[in-house]
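Residue strings, one per chain:
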Amino acid sequence: MTTIADRLSIAQSRINQAAQNCSRLPSDISLLAVSKTKPINDIIAAYEAGQRQFGENYVQEGETKITALAADYPDIEWHFIGPLQSNKTKIVAEHFDWMHTVSRDKIAQRLNDQRPDSKLPLNVCIQVNISQEDSKSGVDANQVATLALTISQLPNLTLRGLMAIPTATDNTQLQQQEFANLKVLYDQLKLQYPSIDTLSMGMSGDMDIAIANGSTMVRIGSAIFGER
Ligand SMILES: *Cc1c(COP(=O)(O)O)cnc(C)c1O
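Residues numbered from 1 in each chain as written. Predicted model: local features only at pLDDT ≥ 70, side-chain atom pairs only at ≥ 80, totals over all residues. Heavy atoms only, no water.

## Some points on the environment of Asp-208
Tracing the backbone shows Asp-208 in helix α8 (residues 207-212). The exposure class assigned to Asp-208 is partly exposed, which follows from its relative accessible area of 33%. The spatial distance from the C-alpha of Asp-208 to the C-alpha of Ser-131 is 18 Å, given a sequence separation of 77 residues. Leaving out residues up to four positions away in the same chain, Asp-208 has contacts with Arg-14 and Ala-18. Reaching out from Asp-208, the side chain makes a polar contact with the side chain of Arg-14 at a distance of 3.0 Å. (Helix = DSSP H or I, 4+ residues; strand = E, 2+ residues; numbered from the N terminus. Buried < 20%, exposed > 50% of the residue type's maximum accessible area, 1.4 Å probe, protein only. Contact = heavy atoms within 4.5 Å. Polar contact = N/O pair within 3.5 Å; in protein donor to acceptor, adjacent residues only side chain to side chain.)

Written out as structure tokens, the structure reads:
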């Protein structure tokens with residue numbers, strides 16, 4: 001039987017190999033374990049295998065897990081990576097350490113206002129729509145600069161970088177192009193904001209292409225926890 005610890009170690013080897021293939025340091029790419037829909041015991045199994053960064057997509061589910069694990073596992077870093085409605089921002093502001101999917105001024109403003117004083121600033125990535133599908137969330141590339149300026153002026157948020165989900169397709173050339181486009185935007189923005197160090201792209205199916213195109217954080221769910 002393959003355990004969560006085995007699959008974590010396989011995912012880490014894939015990161016190491018992908019990094020080596022493009023002459024990058026594996027330590028420059030962090031592994032975010034996406035535990036959405038999976039039980040708390042799976043998170044604990046990954047934790048015991050050394051994993052500390054976890055990603056959740058659903059506000060309520062995330063809050064429940066964070067609250068349940070807070071006392072015994074205080075060094076888990078929690079990342080919110082799902083779509084967020086403005087009436088749910090308070091839960092993210094109060095519980096999570098990172099938020100990857102900011103795509104509107106209003107959401108940024110609310111997260112800032114609702115971040116408790118007792119916590120460090122919320123680490124924020126702007127989600128960019130790099131895909132050809134209209135349904136995908138995120139700001140268009142030409143709106144990134146304006147949103148970045150807004151976020152950079154909010155004291156309870158720290159602008160860390162960009163996040164994207166590519167077109168769901170078997171066309172790896174298209175995905176490669178989309179990742180490469182995001183990397184160009186990222187490099188431009190990084191020149192203006194020294195706090196930027198995170199390019200959140202790559203999932204179980206496309207992590208190798210994402211790493212070849214500059215990803216610094218891959219978000220891996222099914223390859224670690226199994227199919228959902
Ligand atoms: C579910 C999800 C992931 C993980 O996807 P897998 O294909 O299971 O690795 C990564 N990022 C986001 C935004 C997700 O919603």
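There's more to say after this.
## Examining the site of the ligand
As a structural note, the neighbourhood of the ligand is formed by 13 residues, with Lys-36, Asn-57, Ser-204, Ser-222 and Arg-228 the closest of them. Contacts to the ligand include Asn-57, whose side-chain N or O atom sits 2.7 Å from an oxygen atom. In this structure, an oxygen atom belonging to the ligand sits 2.5 Å away from a side-chain N or O atom of Ser-204. Across the complex, the protein chains shield 88% of the 390 Å² of accessible surface that the ligand would expose by itself. (Near = heavy atom within 4 Å. Areas by Shrake-Rupley, 256 points an atom, 1.4 Å probe, with all protein chains shown as cover.)

## Focus on the packing of aromatic side chains
Per the stated rule, a full pass over the model turns up 3 aromatic pairs. Ring centres of Phe-80 and Phe-96 lie 5.4 Å apart, and the angle between their planes is 80°; this geometry places the pair in the edge-to-face category. Separated by 16 residues along the polypeptide, Phe-80 in strand β3 (residues 77-80) and Phe-96 in the loop between α4 (89-95) and β4 (98-102) bring together distant segments of the chain. Judged on exposure class, the residue Phe-80 and its partner Phe-96 are both buried. (Phe/Tyr/Trp six-rings, centres within 6.5 Å; stacked < 30°, edge-to-face > 60°.)

## Side note on unusual backbone geometry
One non-glycine residue, Ser-23, adopts positive backbone phi at about 55°. Residue placement: Ser-23 occurs in the loop between α1 (4-21) and β1 (30-34). In this model, Thr-37 sits at a positive phi of 65°, which is unusual for a non-glycine residue. Here Thr-37 lies in the loop between β1 and α2 (40-48).

## Focus on the pattern of salt bridges
Throughout the structure, instances matching the rule amount to 7 salt bridges. For Arg-14, the salt bridge is made with Asp-208, and the minimal N-O distance between the two is 3.0 Å. On the criterion of sequence distance, the pair formed by Arg-14 in helix α1 and Asp-208 in helix α8 is long-range, its members being 194 residues apart. Where Asp-197 meets Arg-160, a salt bridge forms, and the shortest distance between an N and an O atom there is 3.0 Å. With a gap of 37 residues between them, Asp-197 in the loop between α7 (172-192) and β7 (198-200) and Arg-160 in strand β6 (residues 157-163) connect regions that are remote in the sequence. Note on Asp-197: relative accessible area 37%, which makes it partly exposed. (Salt bridge = Lys/Arg side-chain N within 4 Å of Asp/Glu carboxyl O.)

## With respect to the nonpolar core
The biggest cluster of nonpolar side chains holds 63 residues, and the ones touching the most others in it are Leu-111, Ile-126, Ile-151, Leu-162, Leu-182 and Ile-224. At 6 residues, the largest contribution of residues to this core is made by α1. When sequence neighbours within four positions are dropped, the list of residues in contact with Ile-126 reads His-100, Val-102, Val-139, Val-144, Leu-147, Ala-148, Ile-151, Leu-159, Gly-161, Leu-162 and Met-163. Counting residues in hydrophobic clusters, the runner-up holds 7 residues, among them Val-34, Ile-81, Trp-98 and Met-217. (Core = buried A, V, L, I, M, F, W, Y, C linked by side-chain atoms within 4.5 Å.)

## Describing the pairing of β1
Taking burial as the measure, the 5 residues of β1 include 4 buried ones, the bulk of the element. Bridge count for β1 against strand β8 (residues 217-220) is 4 bridges, and the pairing is parallel. In the sheet register, Ser-30 faces β8, and the bridge partner there is Met-217. Pairing geometry for β1 and strand β2 (residues 53-56), over 2 bridges, is parallel. Residue pairing in the sheet places Ala-33 in a bridge with Phe-54 of β2. Crossover β1 to β2 through α2 is right-handed. (Pairing = 2+ DSSP bridges. Right-handed = clockwise from strand over helix to strand, strands pointing away.)

## Description of the state of the cysteines
Applying the stated criterion to the full structure yields 0 disulfides. Free of any disulfide, Cys-22 has its nearest neighbouring cysteine sulfur in Cys-125, separated by 20 Å. (Disulfide = S-S within 2.5 Å.)

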